[in-house]
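Remarks on the overall topology
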Amino acid sequence: MEVTLLGTGDTTGTPTVGCDCDTCTAAREKDVERSRFSVHVRNERTDESLLVDVSPDFRQQFLDTDVRLPDAVLVTHIHFDHLDGLGNAFRLFSELPVHATDETDPKTGESVADTVSRKYDYLDALSVHGQRPLESFEACGFDVTLVPVSHPPLVCYGVVIERADAKLSITGDTSYAIPDASREKLADPDLLLADAIAPAAFCEHHPLGGGHHDSGDVPRTFGTKHMTREGALSLADELGATRTRLVHVSHFFPADEAFEEPLAVDGERYDL
């Protein structure tokens with residue numbers, strides 16, 4: 001299993017357009033980028049590739065990275081930075097299976113699969129496949145499971161991608177309040193990609209502060225939607241991850257911390 005981090009940033013990416021903060025300035029000086037989130041997973045045994053979330057930066061990510069176009073796609077939720085790159089399928093694919101959950105979201109009145117079907121009904125190449133949360137299905141020679149997480153107000157899912165000899169877990173966009181059943185599915189990965197939008201100290205700048213404090217009163221959730229760095233690392237310990245990379249990273253990290261381990265940047269590649 002070959003895992004390539006195409007996009008490791010949050011909804012604005014780093015550097016953020018129009019921003020001259022120390023972190024964005026350092027990113028430009030270091031010539032590193034965190035574009036909007038997307039992960040490419042290649043099955044070297046079948047030479048098939050699976051794309052987890054379709055970034056609005058799809059075109060540039062594939063131009064910049066030596067990976068093939070996907071044979072199938074997973075969509076974790078309907079926020080634009082994870083979905084709206086799907087329009088790039090126009091003229092690039094003769095057929096492209098898209099997997100998403102069929103669980104109805106009370107907020108929208110439709111499932112993620114329903115939203116993808118409705119929004120991209122003009123793309124003849126797409127075939128949308130509704131999947132049950134917590135039930136595995138086959139895609140590109142992998143066993144794949146979409147697991148519920150906590151990203152209010154919309155439903156959102158983490159991803160488990162497995163083969164007999166390798167396991168990749170992706171938390172998806174989530175607070176620290178991941179349900180126990182999902183934690184069981186995510187547990188013991190060879191590689192964990194964990195949402196960590198900001199350091200815990202930055203919670204003081206969020207209108208809602210932070211939540212899910214640990215025994216030392218450190219917030220493990222930033223606001224209500226995403227984990228802090230400290231929360232993501234705590235989750236990694238609980239899950240028993242062999243290796244952890246922090247993704248969906250914002251420019252809210254101080255410049256002297258923003259590019260330190262284990263914060264990921266675009267283009268990293270791992271063989272599992």
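Data block above holds the structure.
What this report covers is the structure whose coordinates are included nearby. Since the structure is predicted, the reported quantities are computational estimates derived from the model, not experimental observations.

One finds Val3, Val39, Leu50, Leu86, Val144, Ile161 and Leu168 to be the most contacted residues of the largest nonpolar core, which totals 50 residues. Membership of the second largest hydrophobic core comes to 21 residues, among which are Leu186, Ala194, Ala232 and Leu246.

Moving on: the sheet that holds strand β14 (residues 226–227). Ordered by their spatial adjacency, three strands build an open sheet running β12-β13-β14, and the pairing between neighbours is antiparallel. A strand with exactly one partner marks an edge of an open sheet, and here the two such strands are β12 (210–213) and β14. Where β12 and strand β13 (residues 219–222) come together, three bridges link them in antiparallel fashion. Paired with histidine 213 across the strands is proline 219, a residue of β13.

Each pocket or cavity is described by its volume, and for the largest pocket that value is around 250 Å³. Along the wall of the largest pocket there are 16 residues; nearest its centre are Thr11, His151, Ile197, Lys225 and His226. Classifying every residue of the lining of the largest pocket by side-chain character gives five nonpolar, seven polar and four charged. Space inside the second largest pocket adds up to approximately 190 Å³. In terms of lining, the second largest pocket is formed by 13 residues, of which the most central are Leu6, Glu33, Ser35, Asp64 and Asp266. Among the elements of the structure, β1 (2–7) and α2 (58–64) are those that each provide at least two residues to the lining of the second largest pocket. The element contributing the most residues to the lining of the second largest pocket is α2, with three residues. When the residues that make up the lining of the second largest pocket are grouped by side-chain class, the tally is three nonpolar, five polar and five charged.

Residues Val112, Ala113, Thr115 and Val116 constitute the buried set of helix α4 (residues 112–119). Take α4 and look down its axis: the buried residues cluster within an arc of 160 degrees, on one side only. Its buried side turned inward, α4 meets α3 (80–83), β5 (96–101), β6 (126–131) and β9 (157–163).

What follows concerns the packing of aromatic side chains. With the rule as written, the count across this model stands at five aromatic pairs. Between phenylalanine 202 and phenylalanine 222 the ring centres are 6.2 Å apart and the planes differ by 35 degrees, which places this aromatic pair in the tilted class. Residue phenylalanine 202 is located in the loop between β11 (191–195) and β12, and its partner phenylalanine 222 is located in strand β13; the two are separated by 20 residues in the primary sequence. Relative accessible area serves as the criterion here: at 23%, phenylalanine 202 is assigned to the partly exposed category. Here phenylalanine 222 falls in the buried class, since its relative accessible area comes to 8%. The ring of tyrosine 176 has arginine 183 sitting right over it, with the charged end atom 4.8 Å from the ring centre.

What counts and how
- Residues numbered from 1 in each chain as written.
- Predicted model: local features only at pLDDT ≥ 70, side-chain atom pairs only at ≥ 80, totals over all residues.
- Heavy atoms only, no water.
- Core = buried A, V, L, I, M, F, W, Y, C linked by side-chain atoms within 4.5 Å.
- Buried < 20%, exposed > 50% of the residue type's maximum accessible area, 1.4 Å probe, protein only.
- Pairing = 2+ DSSP bridges.
- Helix = DSSP H or I, 4+ residues; strand = E, 2+ residues; numbered from the N terminus.
- 1 Å grid on protein atoms, 1.4 Å probe; cavity = no way out; pocket = protein on both sides within 12 Å on 5 of 7 lines; lining within 4 Å.
- Points joined across faces, edges and corners; volume = space filled by probe spheres on them.
- Nonpolar A, V, L, I, M, F, W, Y, C, P; charged D, E, K, R; others polar.
- Arc of directions from axis to C-beta.
- Contact = heavy atoms within 4.5 Å.
- Phe/Tyr/Trp six-rings, centres within 6.5 Å; stacked < 30°, edge-to-face > 60°.
- Lys NZ or Arg CZ within 6 Å of the ring centre and 35° of its normal.

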